[in-house]
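Commentary on secondary and tertiary structure
Residue strings, one per chain:
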Amino acid sequence: MKAIPYGHQWLDKSDIKAVVKVLKSDWLTQGPKIKEFEKALCGYTGAKYAVVVSSGTAALHIACLAAGIKAGDEVITSPITFLASANCAVYCGAKPVFADVQYGTFNIDPAEIRKKITKKTKAVIPVHFAGHPADVKAIHAISKKRGLTVIEDAAHALGAEYRTGKRWVKVGSSRHSDMAILSFHPVKAITTGEGGAVLTNSKDLYEKLLSLRTHGVTKDKKQFHSPAKKHGGAWYYEMNTLGFNYRMTDIQAALGISQLKKLDKFIEKRRRIAERYKKQLSRIKGIEVPVEEDDVRSAWHLYPVRISSDKGSEIKRKKMFVALKEKGVGAQVHYIPVHLHPYYSRRFGYRKGMYPVAEDYYSKAVSIPLYPGIAGKDIKRVIRAVREGVDAR
Ligand SMILES: *Cc1c(COP(=O)(O)O)cnc(C)c1O
């Protein structure tokens, strides 16, 4: 019996065709598909500018650099996230500072952010955990007052929406932030194999991001500094900052364009599976299911269920995990709080007990399979396995 994974890509013939077409073209990289994918991402999210890169992690790195984050700075993020949301600050020599999560959505708590702001704070990186939009309106308001840059880690939340007044806004629009990053890893909403993007409405940040993606080089005359520019011809380019090769290939961009056309269908499928889980699993004593607040539409990236009892939750969660695995259900735990990793305690002195809501959440959570292509019979198998897992001893 093949195990049901917790997440999986959806690829069809049109995706394969799009990739093959690029393979037969002149441009494998630095070609026309890059701009086309960026335009499509802007069209979908409503952001003005997009810069596609080689991974979500690369997107976080150049977003931090474009924000001017440097040694001695502090960057506030959530402890319940993938490591990259905090590592990106460390890449720039800054210190990641965690702000505890809110019970319920387990997204970063704006009130906790306020407590963690110091003179050294330069940026806040809210994560839309499991695809449920974080309270970016509150975070934006706090940050603007203090002159902080907001970089949304929207790796889970492409396709999610939230309401502002009467309007629904797509996560990624950067309406309440300076930049938002996406990931196109195969478990995410759409995939390019590896890949990511930074979205922004700022021309200044956009130009910085473009240059950081390609070695810090620019061919834009307006950005030239050297006196040598006056002797330069069409070949002339300049390096004014240190950048990287974080480019995405046209092969990947073509796949991304093709995938993006199916995104709304993917999200709809995810939503239906989440509804089915909620209906079936919320009846089971001993576990809690994820919530969706009224003024948001989650992208349903993950479906973490939680052990409801406070006593012995770690043991019960482990038993649940083992029981699921034994029944061929590929569960996963999202996430070990970042501050508890040895690197973080060694380098920054973080300890257990510092972020009680996040740590309590971690002791109880287990994500069950959720992806557009999951078969109906597999959903039933997951539900049955969870029911049995609650009573496992
Ligand atoms: C996946 C993910 C990333 C990193 O994306 P990669 O494309 O794998 O580099 C960053 N943040 C979060 C929250 C993620 O889930």
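Residues numbered from 1 in each chain as written. Predicted model: local features only at pLDDT ≥ 70, side-chain atom pairs only at ≥ 80, totals over all residues. Heavy atoms only, no water.

1. Considerations on the side chain of Asp-100
The residue Asp-100 is located in the loop between strand E3 (95–98) and helix H5 (110–116) in this model. Buried Asp-100, no salt bridge; nearest opposite-charge side chain is Lys-116, N-O distance 8.4 Å. Within polar-contact distance, the side chain of Asp-100 engages the backbone nitrogen of Ala-358 at 3.0 Å. Every residue in contact with Asp-100, bar those within four places of it in the chain, is listed here: Pro-79, Ile-108, Asp-109, Glu-112, Tyr-355, Pro-356, Val-357 and Ala-358. (Helix = DSSP H or I, 4+ residues; strand = E, 2+ residues; numbered from the N terminus. Buried < 20%, exposed > 50% of the residue type's maximum accessible area, 1.4 Å probe, protein only. Lys, Arg positive; Asp, Glu negative; His and termini not counted. Salt bridge = Lys/Arg side-chain N within 4 Å of Asp/Glu carboxyl O. Polar contact = N/O pair within 3.5 Å; in protein donor to acceptor, adjacent residues only side chain to side chain. Contact = heavy atoms within 4.5 Å.)

2. A short note on the domain arrangement of the protein
As assigned here, the protein comprises domain 1 (13–260) and domain 2 (263–392). For domain 1 versus domain 2, the distance between C-alpha centres works out to 27 Å. Counting residues at the interface gives 43 residues for domain 1 and 36 residues for domain 2. Together, the buried faces of domain 1 and domain 2 total about 3400 Å²; carbon and sulfur atoms form 63% of this surface. (Domains from an automatic or database assignment. Buried area = accessible area lost by both parts, 1.4 Å probe.)

3. Regarding the site of the ligand
Around the ligand, the surrounding shell holds 16 residues, and the nearest of these are Gly-56, Thr-57, Asp-153, Ser-183 and Lys-188. Within the backbone of Gly-56, an N or O atom sits 2.8 Å from an oxygen atom of the ligand. In the complex, 93% of the free accessible area of the ligand, which totals 380 Å², lies under the protein chains. For the shell around the ligand, the secondary-structure elements that each account for two or more residues are helix H3 (56–66) and helix H4 (84–91). The greatest single-element share of the shell around the ligand, amounting to 3 residues, is contributed by H3. (Near = heavy atom within 4 Å. Areas by Shrake-Rupley, 256 points an atom, 1.4 Å probe, with all protein chains shown as cover.)

4. Some thoughts on the side chain of Asp-15
Counting through the fold element by element, Asp-15 comes out in helix H1 (residues 13–23). Given a relative accessible area of 0%, Asp-15 falls into the buried group. Aside from chain neighbours lying at most four places away, what touches Asp-15 is Trp-10, Leu-255, Ser-258, Gln-259 and Lys-262.

5. Section: the nonpolar core
Membership of the largest hydrophobic core comes to 31 residues, with the highest contact counts inside it found for Phe-37, Leu-41, Leu-158, Leu-182, Phe-184, Ile-190 and Leu-263. Among the secondary structure elements, those contributing two or more residues to this core are helix H2 (32–45), strand E1 (49–53), strand E9 (196–200), helix H8 (250–260) and helix H9 (263–281). Ranked by residues supplied to this core, first place goes to H2 with 5 residues. Two domains each provide a minimum of three residues to this core, namely domain 1 (13–260) and domain 2 (263–392). With sequence-adjacent residues up to four places away left out, Leu-158 is seen in contact with Tyr-44, Thr-45, Leu-182, Phe-184, Ala-189, Ile-190, Leu-260, Leu-263, Ile-267 and Ala-299. (Core = buried A, V, L, I, M, F, W, Y, C linked by side-chain atoms within 4.5 Å.)

6. Quick look at the packing of H3 against H4
Orientation of H3 relative to H4, taken along the N-to-C sense of each, is 45°, at an axis distance of 9 Å. Regarding the angle of H3 to H4, the classification is oblique. Crossing angle aside, the handedness with which H3 passes H4 is right-handed. Within the contact between the two elements, H3 uses Thr-57, Leu-60, His-61 and Cys-64 and H4 uses Ala-84, Ser-85, Cys-88, Ala-89 and Tyr-91. Grouping the constituent residues of the contact of H3 with H4 by class yields 6 nonpolar, 3 polar and no charged. (Axes fitted to C-alpha atoms, helices over the stretch in contact; angles between N-to-C directions. Parallel < 35°, antiparallel > 145°, perpendicular 65-115°, else oblique. Left-handed = near helix turned anticlockwise from the far one by under 90°. Nonpolar A, V, L, I, M, F, W, Y, C, P; charged D, E, K, R; others polar.)

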